[in-house]
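Coordinates in review
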Amino acid sequence: MLIVPGGALLAQATAATPAAAAQQADSLPQYMTWALIVGGALVFIAAMFYVIKVNQFLYKRIVQMEAAKAGVALPEDAANALGGDSFWTTMRKKYWEDVVPVEREKDIMLHHDYDGIYELDNSMPPWWLNMFYITIIWAVGYMFYYHWGGGGPSSEEEYKNKVERAKKEMAVALAGQANAVDESNVTALTDAGMLGEGELIFKNSCAACHGQGGEGTVGPNLTDDYWIHGGGIKNVFKTIKYGVPEKGMIAWSSQLNPSDMQKVASYILTLHGTNPPNPKAPQGDIWKEEGAAAPQDTTVTDTVKTAEPAPTK
Amino acid sequence: MSNVQQFQYDNKIVRAFGVASFTWGLVGMLVGFILTLQLIWPELNLGLPITTFGRLRPLHTNAVIFAFVGNGIFMGVYYSLQRLLKARMFNDTLSWLHFWLWQIVILCAALTLPAGITTSLEYAELEWPIDLLITVTWVVFGLNMFGTIVKRREQHLYVAIWFYIATWVTVAVLHIVRSFELPVSLFKSYSVFSGVQDALVQWWYGHNAVAFFLTTPYLGMMYYFLPKAANRPVFSYKLSIVHFWALIFIYIWAGPHHLLYSSLPDWVQSLGTVFSIMLIAPSWGGMLNGLLTLRGAWDRVRQDPVLKFMVVAVTAYGMATFEGPMLSIKSVNAISHFTDWTIAHVHVGALGWNGFLTFGVLYWLWPRLYRTNLYSTNLANIHFWLGTLGIIFYAVPMYWSGWTQAMMWKEFTPEGTLKWGNFLDTVLQLRPLYIMRSLGGLLFFVGTIIGVYNLVKTAGQGSFLAQEDAEATPRPAPHGRVAGEYWHKLIERRPFAMLFWATILISIGGLIQILPMVFIDSQVPKISTVKPYTPLELVGRDLYIREGCVNCHSQLVRPFRDETERYGEYSKSGEYVYDYPFLWGSKRTGPDLHREGGRYPDSWHYNHMLDPRTMSPGSIMPPYPWLLDNKMKTDDLAGKIGALRKLGVPYPKGYEKDAPAELQVQAQKIAKNLADQGIKDQGVEDKEIVALIAYLQRLGTDIKVKNQAGQ
């Protein structure tokens, strides 16, 4: 019961990932890393396979031996006794596995016992030893690349490169987009859908300080006629974008994109005169719309119907 | 033979440690389960300070590590050591002193941690008097162990004992160095290291506590109990030798992988990465020697719960020790660090390796101690499946959650703003996963209860064998190298040579990393604008420590585009020089706080502490109303300033006298800010909240352009 709604939300949770993953995978070291992880996982699976295989093989042998003890006839593995190892067997023993079978383990049993525990003198699994060597070589290479003259970037250089690249990508993304609204050309939206999105942003980001209905708590009341930093879409947009840090209003430009700031600013204007309960006392000056100024609706789209007059200040 | 000696093994002490292990284990797991619920329903702290997440989380980790696993170690060591050496423990009084001292340490931890008496250093939270007690206990344990080794009848030391020796010496070194602290009062001390050095010492300690408390002693136990239970010879003696020495030498270097992309110099970070990668093979050596010892016994694994538990334990060990090195690669760590991925990783180790091996050993041991059969194989099988499912239900949602967190933190819109600019969005997304994790924890916990019931019933139907008769011939006279024997046999006859070489090997890594950081100034570039904390901020900082804020909030902005976008300029090592101790944290359940100063007005913090959800709807942070009521405690201020000056903070001479007045001025200023912002509570300037606000508003501002709201 817990899992079913969980599952639905899981799907939501991961919906966030592909885009980010794409961004993550934008550099070569990332591929290298994933190659290493996948490679490592394969080695782990191989190791487990090895363990299982060895054990299955030996288990079969035990069954055979027990059968032999019980007097059941068994075909003898004649090949075992004959001649030297083939080329591939030699290679396998050298680089992969070299284990003495259970039925011959008496030959390699060390004489000593510790409270009944004996030890076998099996050689270390060659694949394991080789893996150890490879990691050591990798480690030396890593230190060369990053510290001993290999030219690998420091954490700081890595950061700077990423920021540079991001700036270029942002410039491309922003170029020629309706998104490029700023405080000089922003207009108040009236489309219900857009205002709905603005309301959502308001509840998430603004309500904590300005109240659920904009009545004001830590921050000022947004529903009355008074504005501290000027009313109207352009001023509100500007206040949201740059913040008023000395009074505790943070700059939202890093968290909201321009079109989101436009939506939430437009929503805020719709709160005017709604008279929510527990209003905070007015602060600032009365803001009057001054219709005399010429409208500057440079970003006309079909959802933008009206343009607020420019503030005279 | 005529010279056979009769003696008895002490089983009573083994039983005592075993009972302590599973009893504390139940407590530790219950606290863990409560914590998982608090992350879903924060009001489950019931409004009490002592049950808030920040105070309970250290209780959970300490109970599981030092009480459950710690007593498990001593149970395994006291049983196997006597038999492997053919000797009773050196001294019964020491055995019982060891036992009771260790339980007192645990009891002290259980009393002080919820009370907020903590150093805030992970797995070393206990304050200095308890640290001293731990030191005494460890010396008693050492005397008893080496005493037994000296009077042994067995010529050679078996591989299990190599691991016990390495464990003893390394834990001693780690504990002593990590406990370098300057006491201010009975319940308060400052770490002698600050900032980035403190961070390095911490993760040298923390990482190797995992290595030498959770791993090497359990490997030693595996080497005794697994071949015993399977009745099979150990797969490869050579493998034991190589993986033992390689493991203890390499492990100690790997600590800095907890500090990747931090302000620790890159060269130390890289050493952490490469030694972690080189650690894969030595770790797997233990897994392989364990699993391959079962050659020819796998048919019994299907029937014998003891072997089942052990196989899953060793496999979990193999997975965790592969995952660990992968998490030590910088680009993976950039995703995993500070997220639930780490939580998943440690629980595969703790629940799988330590939990399952402990119960494998208990199920094997109890029938032997009580000369009977296990009460119920069915119940043991039920425990096995509940435990296994529990691990899966715990780990999978946490991996998912960790990945989701990281991807949401890092996701940008094409226009270059954070897709999830509000940290809270990333928290709310995880709730269903947290619910599933709770379920996993519950399954494991219920399994453990069934296991304990089974052990109690087993004890009830049997009769306890307190003194077990044994006989052996005395140890032959020591001799040098015998022609044709392995070179290693020589050192197996010389325990103190083994102790000596182990000490050398485990010291090298730490010395090479820590000494330059502490003694070469250029490793931590100075920043002239960074100033010591004001008296009020200092009081606030110690409140931050008391409340365990560090358990959910980091103070380390890494040099990533998303982090500098979200939090501000990335953290520099020079900013932390007056941080005794460092408070970087290891998990971001909430956002990073290193650039918190000036982000919100004072009143925001006031309201947020009163009830976080008024400021951040849906937040899972517990409320801290007592901070608004408690009067600020300043009587130890002079002692704190004096102690910090001794450690190197440049408070002027006689500053103790001016400090209270300075504190008052700053407190009044914040009270006025609060009043201006609509908070008119009387006497707010004397309350703890003001000190905490002062500290939070200071955070990260020393190198910031001045635009603080609170000023």
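Cut-off values and rules
- Per chain, residue numbering runs from 1 following the sequence as it is written.
- Numbering of ligands from 1 and lettering of chains from A proceed in the order in which they are written.
- For a predicted model such as this one, the threshold for reporting local features is a pLDDT of at least 70, and the threshold for listing and counting side-chain atom pairs is 80 or more; totals across whole chains, interfaces and linings nevertheless cover every residue.
- Based on all heavy atoms of the structure, the side-chain values leave hydrogens and waters out of the count.
- Only runs of H or I of at least four residues qualify as helices and only runs of E of at least two qualify as strands under DSSP, and these elements are numbered from the N terminus.
- In this setup the radius of gyration rests on C-alpha atoms only. A globule is expected at 2.2 Å times the number of residues raised to 0.38.
- When accessible area is computed with a 1.4 Å probe and restricted to protein chains, residues below 20% of their type maximum are described as buried, those above 50% as exposed, and intermediate ones as partly exposed.
- Residue contacts follow a heavy-atom distance rule, with two residues in contact if any of their heavy atoms lie within 4.5 Å.
- Here the open area of atoms and residues is found with the Shrake-Rupley method and a 1.4 Å probe, where only the protein chains shown may cover a residue.
- Reported buried area values correspond to the accessible surface (1.4 Å probe) lost by two parts on association, with both partners' losses combined.
- Basic side-chain nitrogens of Lys or Arg form a salt bridge, by our definition, when they fall within 4 Å of a carboxyl oxygen of Asp or Glu.
- Classification of ring pairs rests on two measures: the distance between centres of Phe, Tyr or Trp rings, Trp counted by its six-membered ring, which must be within 6.5 Å, and the angle between planes, read as stacked under 30 degrees, edge-to-face over 60 and tilted in between.
- Domain delimitation in this document rests on an assignment produced automatically or drawn from a domain database.
- As a per-residue measure, pLDDT tells how confident the predictor is, with possible values from 0 to 100.
- An axis is simply a line fitted to the C-alpha atoms; with a helix, the fit covers only the stretch in contact. Between two such axes, the angle follows the N-to-C directions and lies from 0 to 180 degrees.
- Oblique is the label for any angle not under 35 degrees, not over 145, and not in the 65 to 115 range, which are roughly parallel, roughly antiparallel and roughly perpendicular in turn.
- A clockwise turn of the near helix away from the far one marks a right-handed crossing, whereas an anticlockwise turn of less than a right angle marks a left-handed crossing.
- For this classification, Asp, Glu, Lys and Arg are treated as charged, while Ala, Val, Leu, Ile, Met, Phe, Trp, Tyr, Cys and Pro are nonpolar and the rest, including Gly, are polar.
- What makes a nonpolar core is a set of buried Ala, Val, Leu, Ile, Met, Phe, Trp, Tyr and Cys residues whose side-chain atoms join them at distances within 4.5 Å.
- Whether two strands pair comes down to DSSP finding at least two bridges between them.
- Distance thresholds for patches are 9 Å for like charges and 5 Å for nonpolar side chains (Val, Leu, Ile, Met, Phe, Trp, Tyr), applied to residues having over 30% relative accessible area and no salt bridge.
- Our working definition of a disulfide is a cysteine sulfur pair at a distance within 2.5 Å.

1. Considering the overall build of chain B
Within chain B one finds 26 helices and four strands. In terms of C-alpha radius of gyration, chain B reaches 26 Å, essentially the compact-globule figure of 27 Å for 711 residues. In terms of overall dimensions, chain B has a C-alpha envelope of 90 × 50 × 45 Å along the principal axes. Looking at the 711 residues of chain B, the share that counts as buried comes to 70%. Considering only contacts within chain B whose residues lie at least 6 apart along the sequence, 82% involve residues at least 24 apart. Here chain B displays about 22600 Å² of accessible surface, and carbon together with sulfur accounts for 66% of that area.

2. Here's the deal with the overall build of chain A
For chain A, the helix and strand inventory stands at ten helices and four strands. N-terminal to C-terminal, the α/β element order of chain A is α-α-α-α-α-β-β-α-α-α-β-α-α-β. In chain A, which comprises 313 residues, the proportion classed as buried is 37%. Here the contacts in chain A between residues at least 6 apart in sequence split such that 64% fall between residues at least 24 apart. As displayed, chain A offers around 18000 Å² of accessible surface, 62% of which is attributable to carbon and sulfur atoms.

3. Description of the interface of chain B and chain A
Interfaces are often sized by the amount of accessible area the parts lose when they come together. Contact with chain B, which involves 101 residues of that partner, is made by 94 residues of chain A. Summed over both partners, the interface of chain B with chain A buries about 8400 Å², with 67% contributed by carbon and sulfur atoms. Taken as a group, Arg295, Glu415 and Arg561 of chain B account for 8% of the area that chain B buries against chain A, more than any other trio of residues on that side. Taken together, the connections running from chain B to chain A amount to five salt bridges. Arg295 of chain B is the salt-bridge partner of Glu105 of chain A, the closest N and O atoms lying 3.3 Å from each other.

4. A few points about the packing of aromatic side chains
Residue and element names in this part refer to chain B. Counting across every chain of the model gives 67 aromatic pairs over all chains. Seen from their ring centres, Phe74 and Trp102 are 5.3 Å apart, and the 90 degrees between their planes marks the pair as edge-to-face. Residue Phe74 is found in helix 2 (residues 53-85), and its partner Trp102 is found in helix 3 (residues 92-112); the two are separated by 28 residues along the sequence. Ring centres of Phe356 and Phe384 lie 5.9 Å apart, and the angle between their planes is 45 degrees; on these two criteria the pair is classed as tilted. With Phe356 in helix 13 (residues 340-369) and Phe384 in helix 14 (residues 377-410), the pair connects residues that are 28 residues apart, well separated along the chain.

5. Observations regarding helix 26 (residues 688-698) of chain B
All names here are of chain B. With eleven of its eleven residues buried, helix 26 lies for the most part within the structure. Within the sequence span of helix 26, burial applies to Glu688, Ile689, Val690, Ala691, Leu692, Ile693, Ala694, Tyr695, Leu696, Gln697 and Arg698. Of the surrounding secondary structure, the elements contacted by the buried residues of helix 26 are helix 19 (535-546), helix 21 (602-610), helix 23 (626-629) and helix 25 (655-676).

6. Some words on the domain arrangement of chain B
Residues and elements named next belong to chain B. You can read the domains of chain B as domain 1 (10-512) and domain 2 (535-698). Distance from the C-alpha centre of domain 1 to the C-alpha centre of domain 2: 34 Å. Each side of the interface is counted separately: domain 1 has 61 residues, and domain 2 has 55 residues. Interface area, domain 1 with domain 2, both sides summed: about 4800 Å², of which 64% is carbon and sulfur.

7. Quick notes on the confidence of the model for chain A
All names here are of chain A. Per-residue confidence for chain A averages 76 on the pLDDT scale, and 75% of its residues sit at or above 70. Across residues 74-83, where pLDDT falls below 50, the model places six contacts with residues more than four positions away in sequence or in other chains. Confidence over residues 291-313 falls short of pLDDT 50; this stretch has 37 contacts with residues more than four positions distant or in other chains.

8. Looking at the side chain of Glu688 of chain B
Mapped onto the fold, Glu688 of chain B is located in helix 26. The contacts of Glu688 of chain B, once residues within four sequence positions are left out, are Leu543, Arg546, Trp626, Leu627, Asn630, Lys631 and Met632 of chain B.

9. What to know about unusual backbone geometry
Residue and element names in this part refer to chain B. With omega at -10 degrees, the peptide bond leading from Tyr580 into Pro581 counts as cis. Mapping Pro581 onto the fold places it in the loop between helix 20 (561-566) and helix 21. One non-glycine residue, Tyr261, lies in the positive phi region at around 65 degrees. With respect to the helices and strands, Tyr261 occurs in the loop between helix 7 (237-251) and helix 8 (266-278). Owing to a relative accessible area of 5%, Tyr261 belongs among the buried residues under this scheme.

10. A few points about the packing of helix 2 of chain B against helix 5 (residues 159-178) of chain B
Residues and elements named next belong to chain B. Direction vectors running N to C along helix 2 and helix 5 enclose 130 degrees, while the axes themselves pass 10 Å from each other. One element, helix 2, and the other, helix 5, form an angle in the oblique class. In this structure, the crossing between helix 2 and helix 5 has a hand that is left-handed. Between helix 2, through Gly76, Val77, Ser80, Leu81, Leu84 and Leu85, and helix 5, the contact on the second element is made entirely by Ala160, Ile161 and Tyr164. Across the contact of helix 2 with helix 5, the residue classes break down as seven nonpolar, two polar and no charged.

11. A look at the environment of Pro58 of chain B
Residue and element names in this part refer to chain B. Mapped onto the elements of the fold, Pro58 is located in helix 2. Given the relative accessible area of 6%, Pro58 is considered buried. Between the C-alpha atoms of Pro58 and Gln8, which are 50 residues apart in sequence, the distance is 40 Å. Apart from residues no more than four positions distant in its own chain, Pro58 is found in contact with Phe53, Leu113, Glu125 and Asn551.

12. Brief notes about the pattern of salt bridges
Should their charged atoms come close, side chains of opposite charge can pair. Following the criterion strictly, the structure yields 41 salt bridges over all chains and no others. A salt bridge links Lys263 of chain A to Glu197 of chain A, with the nearest nitrogen and oxygen atoms 2.7 Å apart. On the criterion of sequence distance, the pair formed by Lys263 of chain A in helix 10 (residues 258-270) and Glu197 of chain A in helix 8 (residues 192-210) is long-range, its members being 66 residues apart. Judged by its relative accessible area of 40%, Glu197 of chain A is partly exposed. What emerges from the salt-bridge pattern is a single network uniting Lys188, Asp542, Lys633, Asp635, Asp636 and Lys640 of chain B.

13. A few points about the nonpolar core
Of all hydrophobic cores here, the largest spans 213 residues; its most connected members are Trp284 and Leu365 of chain B. For this core, the leading source of residues is helix 6 (residues 195-230) of chain B, giving 21 residues. Both domains that meet at this core, namely domain 1 (10-512) and domain 2 (535-698) of chain B, each give it at least three residues. Excluding its chain neighbours within four sequence positions, the residues that come into contact with Trp284 of chain B are Val43, Phe44, Ala47, Trp127, Trp128 and Met131 of chain A together with Gly318, Thr321 and Phe322 of chain B. By size, the runner-up hydrophobic cluster in this structure holds 48 residues, among which are Tyr580, Ala667, Ile670 and Ala671 of chain B.

14. Comments concerning the side chain of Thr273 of chain B
Looking at the element boundaries, Thr273 of chain B is found in helix 8. Those residues in contact with Thr273 of chain B, other than ones at most four positions away along the chain, are Trp138 and Tyr142 of chain A together with Leu260, Ser328, Ile329 and Lys330 of chain B.

15. What about the pairing of strand 3 (residues 188-191) of chain B?
Here is the key point about a regular strand: its side chains alternate between the two faces of the sheet. Residue and element names in this part refer to chain B. Sheet topology note: the strand 2 (residues 181-185)/strand 3 ladder contains four bridges and is antiparallel. Paired with Pro183 across the two strands is Ser189, which belongs to strand 3. Count of turn residues in the strand 2/strand 3 antiparallel hairpin: two residues.

16. Some details on a nonpolar patch on the surface
Residue and element names in this part refer to chain A. Residues Tyr133, Ile136, Ile137, Val140, Phe144 and Trp148 make up a contiguous nonpolar surface patch of about 620 Å² in total accessible area. Examined against the element boundaries, Ile137 turns out to sit in helix 6 (residues 126-146). Looking at Ile137, the relative accessible area reads 61%, which means it is exposed.

17. Some remarks on the pairing of strand 1 (residues 109-114) of chain A
Relative to strand 2 (residues 117-120) of chain A, strand 1 of chain A runs antiparallel, the two sharing three bridges. Across the sheet, Tyr114 of chain A pairs through a bridge with Ile117 of chain A, a residue of strand 2 of chain A.

18. Details of the confidence of the model for chain B
When pLDDT is averaged along chain B, the result is 94, and 99% of the positions lie at 70 or above. Confidence over residues 705-711 of chain B falls short of pLDDT 50; this stretch has 21 contacts with residues more than four positions distant or in other chains.

19. Some words on the state of the cysteines
Applying the stated rule across the entire model yields zero disulfides over all chains. Summary of cysteine pairing: Cys209 of chain A is not part of a disulfide, and the nearest cysteine sulfur, belonging to Cys206 of chain A, is at 9.0 Å. The exposure class of Cys209 of chain A is buried, given its relative accessible area of 18%. Cysteine Cys552 of chain B shares no disulfide, and the gap to the nearest cysteine sulfur, in Cys549 of chain B, comes to 8.8 Å.

20. Quick notes on the environment of Thr216 of chain B
Along the chain, Thr216 of chain B falls in helix 6. Other than its neighbours up to four places away in sequence, Thr216 of chain B contacts Phe163, Thr167, Ala211 and Leu247 of chain B.

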